[in-house]
Amino acid sequence: MPCSACIIDFRDAIKSLAANYAAVEHAFFVGRHVQYPVALEGALKLKEISYIDANGYPAGEMKHGPIALVDERHLTVALAPESDLIGKTISNIQEIRARNGRVIAVTDVPHPQLAGVSDDVIMVPKTHPLLKPILTVIPLQLFAYYVAVARGCDVDQPRNLAKSVTVE
């Protein structure tokens, strides 16, 4: 996907990608620095509307337990925009791939090594480093939506969730 267009213009490509991963039962979302909260949000969205067991982790912590769960039935969505740490994220992805894990990378830079270790790559436009989370979260939300639709889930009324929270 060329990074000069609007992310929402890629919804058909993300829908197609989601159809390919709709059968997974477990997913990790990993990110470093400001991408870690985005990983948490991506996991939460996938979990709450598709009922897939999804968790967000700091990418640097994968070797401290979560990697033990990775196998060919496990999806990892790696947030890997351009930064000084992209090489470390690629190293994490290589560890996941060595265990037959499936990987979708989200990035803002065409990186041959990243593309080489990922099953799929979602491109987002380049922007200021502190604004990147705004752009990287959009394809994760679209992905979660389309996975849920492909699984036949009611995205308008997810089970066990209320539209608002009341506090006593």
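Small disclaimer: the values here were computed from a predicted structure and weren't measured.

What follows deals with the packing of aromatic side chains. All told, the structure shown has three aromatic pairs when counted by the stated rule. Between Phe28 and Tyr57 the ring centres are 5.0 Å apart and the planes differ by 85°, which places this aromatic pair in the edge-to-face class. Within this pair, whereas Phe28 is found in strand S1 (residues 26-31), its partner Tyr57 is found in strand S2 (residues 53-58), the two being separated by 29 residues in sequence. Over the ring of Tyr51 we find Arg159; its NZ or CZ atom is 3.7 Å from the centre of that ring.

Bringing unusual backbone geometry into the picture now. Phi at Tyr51 takes a positive value of approximately 65°, unusual for a residue other than glycine. Looking at the element boundaries, Tyr51 is found in the loop between helix H2 (35-50) and S2. Judged by its relative accessible area of 24%, Tyr51 is partly exposed. Phi at Asn100 takes a positive value of approximately 65°, unusual for a residue other than glycine. On the secondary structure map, Asn100 appears in the loop between helix H3 (86-98) and strand S4 (102-107).

With respect to the helices and strands, the residue Thr107 is situated in strand S4. With a relative accessible area of 1%, Thr107 lands in the buried category. Beyond its immediate chain neighbours, meaning those up to four positions away, Thr107 contacts Ala80, Pro81, Glu82, Ile86, Leu114, Val121, Ile122, Met123 and Val124.

Attention shifts here to H2. Across its 16 residues, H2 extends 22 Å between first and last C-alpha, which sits within 8% of the 22 Å expected from 1.5 Å per residue. Turning to H2, its buried residues number three or more, namely Gln35, Val38, Ala39, Gly42, Ala43, Leu46, Ile49 and Ser50. Down the axis of H2, the buried set is contained in an arc of 160°. They therefore lie on one face. In this fold, the buried residues of H2 make contact with S1, S2, strand S3 (74-79) and helix H5 (132-150). Just past H2, the residue Tyr51 takes up positive phi, approximately 65°.

Cut-offs and rules
Residue numbering note: each chain is counted from 1, following its sequence as written. With the structure being a predicted model, the display of local features is reserved for residues of pLDDT at least 70 and the display and counting of side-chain atom pairs for 80 or more, all residues being used for whole-chain, interface and lining totals. Derived side-chain values reflect all non-hydrogen atoms in the structure, with water molecules and hydrogen atoms excluded from consideration. Pairing of aromatic side chains here covers Phe, Tyr and the six-membered ring of Trp, requires ring centres within 6.5 Å, and sorts the geometry by plane angle: under 30 degrees stacked, over 60 edge-to-face, intermediate tilted. In DSSP terms, a helix is any run of H or I states spanning at least four residues, a strand is any run of E spanning at least two, and both are numbered starting from the N terminus. When the NZ atom of lysine or the CZ atom of arginine is within 6 Å of a ring's centre and also within 35 degrees of its normal, the charge is said to sit over that ring. The rule is simple: take the accessible area with a 1.4 Å probe, protein chains only, and divide by the maximum for that residue type; under 20% is buried, over 50% is exposed, in between is partly exposed. The contact criterion used throughout is that any non-hydrogen atoms of two residues lie within 4.5 Å. To estimate the expected span of a helix, count its residues, drop one, and scale the result by 1.5 Å. Throughout, the arc means the angular range of directions from the helix axis out to the C-beta atoms.

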